[in-house]
Each structure stands twice: as structure tokens, then as C-alpha cells.
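Fold and geometry: a report
Now for the letters of each chain:
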Amino acid sequence: MCHVIVTCRSMLWTLLSIVVAFTELIAFMSADWLIGKVKPLSSEDMDNKTGGSQEPYHPMLGIYKRCTRISHMELSRRDTLCGSYAENFNEISSGFWQATAIFLAFGIMILCTMAFVSVFAMCVQSIMKKSIFNVCGLLQGIAGLFLILGLTLHPAGWGCQKAISYCGPYASAYKLGDCSLGWAFYTAIGGTILTFICAVFSAQAEIATSSDKVQEEIAEGKNLICLL
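In this report, the structure presented in the accompanying data block is examined.

In terms of regular secondary structure, the protein is built from seven helices and nine strands. Per-residue burial over the protein gives 41% buried out of 228 residues.

Rendered as C-alpha cells:
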């Protein structure tokens, strides 16, 4: 029989699992990993201005996406275009960034799966006689290791030709040159830290859902159990 068990700690773990998965996914899909050196408008852009901003701008470069200003945009006031610069995996500009994409993708895939499973953990507390919280916590820890590998390899690709075009000739592996780190990189780091916190907290969710109070509620025949 399915017993729906909801405790403060198990609910917090479920919410944290969902937040972590979405945080890493948003960071991965963003172009705001590197903020390039400021680029002023060219004289040709000034002559063809149609209402867009004349302020100097910072191009942005992600793992497989970029944001840059497009000249001669006569039909729109927007003058910055964001999108993928790589049409396929092999066109990602650095082998290190390809490895980053693989490790982050594996980590995010695990996190998204665990976020989905965590919702059903309120009803199903074990898989093949193993605690679902402990299994999910272990997999979240493994996902965190994948994320660490990806984030460690990304700076090794700062010396690729694509990064140099954004960050200047002094950019090299683990040296930003004229670039600065964007919010996506910091978000990915924060999400990785939260991933390990989530993995550790899964043990607390397991303790809360298997406590004596829960067992007493089950013995009384209750199917919906809510405890603080």
C-alpha cells in the first residue's frame, strides 16, 4: 500500500532538488559565461543607426552560445543577438569546452532525473529494498562530481581562438585576459555547492520519513502522513 509521507525535511529536500536542477540547466544554456572586452560602435554602425543603443557593449560567450551586436538591423530596435555559434557538437570552439559540455550535460541529466524522482519519494520511499532518499543522495553526489569536472575544464579552454577574439590576445588557459566571468559561471558554481548540500540533506529526509512517529501513524492505518 502506498503511504504518502510528507515531512518538513523531506519536502525541503524535494524543493532543493528541483531548484538545483533548474539552476544548473539555466546556467548551462546561458551565453553569459564570459563577458568580453568592451566594443564601441563602429562609424558605419553610427551612420546606419535606426534607434538602437549607441552605448559601447560587452559581447558574451558561453559554452556553445554567444551574444553579440549585429550591424545594419533596419527592422528592429534590438541590436544584440544571442544564439548558438555551434551548429553541432564538433563546432564547439575548444576541446576543453566540449568536455565541459559532456560533463555538465551528464550532471544535469542526473539532477533533472532526481528532481523528478524526488516528487514521487513522498509516496514511494524505497526501490528494491533500498531507501529512495539514499539512492537519490548518492546519485546527486555523483552529479556534483560531474559538475566539478566540467567547471574545472572550462577555464582550460579560455585560450581557444574563439575566446581570444572576445577576451583579447592575453587570454589563455585559466587566464581571462580582458574578459570577466558572467553570472552563468557563478550560478553553475553555486548550483554545484547546492548539489552537495542536497546530497547530504537526503539523509535527513530519510531519517524524517522513517522516524518512530511515522511508523506509529502507519500502524494506525493512515495513508496520508504529514509531520513537522
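Moving on from the model shown.
Below, the discussion takes up the state of the cysteines. The term disulfide refers to a covalent linkage connecting the sulfur atoms of a pair of cysteines. Within this structure, the stated rule accounts for two disulfides. Put simply, Cys167 and Cys179 are joined by a disulfide, and their sulfur atoms are 1.8 Å apart. The S-S bond linking Cys167 to Cys179 shows a torsion near -90°; that makes this disulfide left-handed. Note that Cys167 is positioned in helix α5 (residues 161–167) and Cys179 in the loop between α5 and β8 (180–181), a separation of twelve residues in sequence. What makes Cys167 buried here is its relative accessible area of 3%. The class of Cys179 is buried, set by a relative accessible area of 8%.

Among soluble globular proteins, nonpolar side chains are generally buried collectively. Counting 40 residues, the largest nonpolar core has Trp13, Trp33, Leu61, Ile63 and Trp97 as the members making the most contacts within it. Every element with two or more residues in this core is listed here: α1 (8–29), α3 (95–120), α4 (132–153), α5 and α6 (183–209). Considering every element that reaches this core, the biggest residue donor is α3, with eight residues.

Applying the stated criterion to the full structure yields six aromatic pairs. Where Phe28 meets Tyr64, the ring centres are 5.7 Å apart and the plane angle is 45°; that geometry is what we call tilted. Pair noted here: Phe28 is in helix α1 and Tyr64 is in the loop between β3 (60–61) and β4 (65–69), with a separation of 36 residues, a long-range link. Chaining the aromatic ring pairs together yields one cluster made of Phe103, Phe106 and Phe146.

Counting buried residues along β4, four of its five residues qualify, which places the element largely inside the surrounding structure. Relative to β4, β3 is paired through two bridges, and the arrangement is antiparallel. Bridge pairing in β4 places Leu61 opposite Arg66. Taking the residues that link successive antiparallel strands as the turn, the β3-β4 hairpin has three residues.

Conventions and cut-offs
- Along each chain, the written sequence defines residue order, and numbers are assigned to residues from 1.
- Under the rules for a predicted model, residues below a pLDDT of 70 receive no local features and side-chain atom pairs below 80 are neither given nor counted, while totals for whole chains, interfaces and linings still include all residues.
- The side-chain figures draw on all heavy atoms in the structure; neither hydrogens nor water molecules are used.
- We count a stretch as a helix when DSSP gives it H or I for four or more residues in a row; a strand needs E for two or more, and each element gets its number in order from the N terminus.
- Only protein chains enter the accessibility calculation, which uses a 1.4 Å probe. A residue is then buried if its area is under 20% of the maximum for its type, exposed if over 50%, and partly exposed in between.
- Throughout, a disulfide means two cysteine sulfur atoms within 2.5 Å of one another.
- As used in this record, nonpolar core signifies buried Ala, Val, Leu, Ile, Met, Phe, Trp, Tyr and Cys residues forming a set joined through side-chain atoms within 4.5 Å.
- When two rings of Phe, Tyr or Trp (its six-membered ring) have centres within 6.5 Å they constitute a pair, described as stacked for plane angles under 30 degrees, edge-to-face for angles over 60, and tilted for the intermediate range.
- Whether two strands pair depends on DSSP finding at least two bridges between them.

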